[in-house]
Amino acid sequence: QSALTQPASVSGSPGQSITVSCTGTISDVGGYNGVSWYQQHPGKAPKLMLYDVTKRASGVSDRFSGSKSGNTASLTISGLQAEDEAEYYCMSYTSAVTFVFGTGTNVIV
Amino acid sequence: QLQESGPGLVKPSETLSLTCTVSGDSISSGSFWGWIRQTPGEGLEWIGAFSFSYNRVTHYNPSLKSRITISVDTSKNQFSLNVNSVTAADTAVYYCARDPGFRYDEWGQGTLVIVSP
């Protein structure tokens, strides 16, 4: 199974909004709503941010939102803050009854 | 909470064995329990997962399936990962995590395993 495609990096200024894309195929992102997003700071374990495309995990700021169109899912961070600087990964359920992660995106504030 | 344990150094061609101890939840619950790894400076790779409640079903990453086994010890509330015939490419931080439904909401802190003579 091939990793989902994410941009290597996305940058924005404090207060701005940014969007991170996650592109797969009909066998994963396009075929299921089991898409989730994770935030990872250096040396730390990933943290669940969004699941089922649009649902926020417990305690996650409403500045984080998700969407999906066709084979591409997106994570939007509004009101960008310095603490949002991290690596972000998408993950999707697949038709093979497995999961596949995205390539990761370095969000720079 | 989840906590990984196991040797930090494994020799090439040998078997990598890790255990995940779960507290605050039962591995016999309705969740899936999985393993994910991250090679140094690289992204995340899903290894596999199992569910005790769903007929003890186990799913593996097809690219690793021939070399990996996930097992469970309900008496200790633990699950384990074995990776056979390891090479340097298996050097990674290994995480165990809980999947309550198509996402991993609780992760262990991760354990670094280096494959080297």
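Above this text sits the structure in question.
Since the model is a prediction, treat every value here as computed from it, not as a measurement. (Residues numbered from 1 in each chain as written. Chains lettered and ligands numbered in written order. Predicted model: local features only at pLDDT ≥ 70, side-chain atom pairs only at ≥ 80, totals over all residues. Heavy atoms only, no water.)

## As for the interface of chain B and chain A
Part 1 of the reasoning: Contacts between the two partners involve 20 residues from chain B and, on the opposite side, 18 residues from chain A.
Part 2 of the reasoning: For the pair chain B and chain A, the summed buried surface comes to about 1600 Å²; carbon and sulfur atoms form 68% of the total.
Part 3 of the reasoning: It is Leu44, Phe102 and Arg103 of chain B in chain B that bury the most area against chain A; as a group they hold 38% of the surface buried on that side.
Part 4 of the reasoning: Taken together, the connections running from chain B to chain A amount to zero salt bridges.
Part 5 of the reasoning: Linking chain B with chain A are five residue pairs in polar contact (both at pLDDT 80 or more), by the criterion used here. (Contact = heavy atoms within 4.5 Å. Buried area = accessible area lost by both parts, 1.4 Å probe. Salt bridge = Lys/Arg side-chain N within 4 Å of Asp/Glu carboxyl O. Polar contact = N/O pair within 3.5 Å; in protein donor to acceptor, adjacent residues only side chain to side chain.)

## Some details on the sheet that holds strand β3 (residues 16-22) of chain B
All names here are of chain B.
Part 1 of the reasoning: Pairing is antiparallel across the open sheet formed by four strands, whose spatial order is β1-β3-β8-β7. Across the chains shown, the open sheet's two edge strands, defined by having one partner strand only, are β1 (2-5) and β7 (68-73). Adjacent strand axes in the sheet meet at a mean angle of 20° when their direction is disregarded.
Part 2 of the reasoning: For β1 and β3, the ladder comprises four bridges, and the chain directions are antiparallel. By the bridge assignment for β3, glutamate 4 is matched with cysteine 20. (Pairing = 2+ DSSP bridges. Helix = DSSP H or I, 4+ residues; strand = E, 2+ residues; numbered from the N terminus. Axes fitted to C-alpha atoms, helices over the stretch in contact; angles between N-to-C directions.)

## Side note on the packing of aromatic side chains
When we look at a pair of aromatic rings, we describe it by the centre distance and by the angle of the planes.
Part 1 of the reasoning: As enumerated under the stated definition, the model contains 13 aromatic pairs over all chains in all.
Part 2 of the reasoning: With centroids separated by 4.9 Å and ring planes inclined at 80°, the aromatic side chains of tyrosine 93 of chain A and phenylalanine 102 of chain B adopt a geometry described as edge-to-face. One end of the pair, tyrosine 93 of chain A, is in strand β8 (residues 86-93); the other, phenylalanine 102 of chain B, is in the loop between β9 (92-99) and β10 (106-107), on a second chain.
Part 3 of the reasoning: Classification of tyrosine 93 of chain A by relative accessible area gives buried; the value is 17%.
Part 4 of the reasoning: Through successive ring pairs, a cluster of aromatic residues spans Tyr32, Tyr38, Tyr93, Phe99 and Phe101 of chain A together with Trp46, Tyr95, Phe102, Tyr104 and Trp107 of chain B. (Phe/Tyr/Trp six-rings, centres within 6.5 Å; stacked < 30°, edge-to-face > 60°. Buried < 20%, exposed > 50% of the residue type's maximum accessible area, 1.4 Å probe, protein only.)

## Things to note about the sheet that holds strand β6 (residues 64-69) of chain A
Residue and element names in this part refer to chain A.
Part 1 of the reasoning: As summarised here, the arrangement of the three strands in space is β2-β7-β6, forming an open sheet in which the pairing is antiparallel. Where the open sheet ends on each side, the last strands, each with one partner, are β2 (18-23) and β6. Along the sheet, successive strands turn relative to each other by an average axial angle of 20°, direction set aside.
Part 2 of the reasoning: Pairing of β6 with strand β7 (residues 72-77) involves six bridges; the strand directions are antiparallel. Within β7, the residue paired with phenylalanine 64 across the bridge is isoleucine 77.

## Re the nonpolar core
Part 1 of the reasoning: In terms of nonpolar packing, the biggest core is built from 40 residues, with Trp37, Leu75 and Phe101 of chain A together with Ile36, Tyr104 and Trp107 of chain B touching the most fellow members.
Part 2 of the reasoning: Considering every element that reaches this core, the biggest residue donor is β8 of chain A, with six residues.
Part 3 of the reasoning: Those residues in contact with isoleucine 36 of chain B that lie beyond four places of it in its chain are Phe101 of chain A together with Leu44, Glu45, Trp46, Ile47, Val93, Tyr94, Tyr95, Ala97, Tyr104 and Trp107 of chain B.
Part 4 of the reasoning: If you look at the next biggest cluster of nonpolar residues, it comprises 24 residues, including Val10, Phe50, Tyr60 and Ile70 of chain B. (Core = buried A, V, L, I, M, F, W, Y, C linked by side-chain atoms within 4.5 Å.)

## So, the state of the cysteines
Residue and element names in this part refer to chain A.
Part 1 of the reasoning: Counted according to the given criterion, the structure contains two disulfides over all chains.
Part 2 of the reasoning: Note on cysteine connectivity: cysteine 22 is disulfide-linked to cysteine 90, with sulfurs 2.0 Å apart. In this structure, the disulfide formed by cysteine 22 and cysteine 90 twists by about 80° around the S-S bond and is classed as right-handed. Here cysteine 22, found in strand β2, pairs with cysteine 90, found in strand β8; they are 68 residues apart in sequence, far enough to count as distant.
Part 3 of the reasoning: Residue cysteine 22 is classed as buried on the basis of its relative accessible area of 0%.
Part 4 of the reasoning: On the basis of relative accessible area, cysteine 90 is assigned to the buried category, the value being 0%. (Disulfide = S-S within 2.5 Å.)

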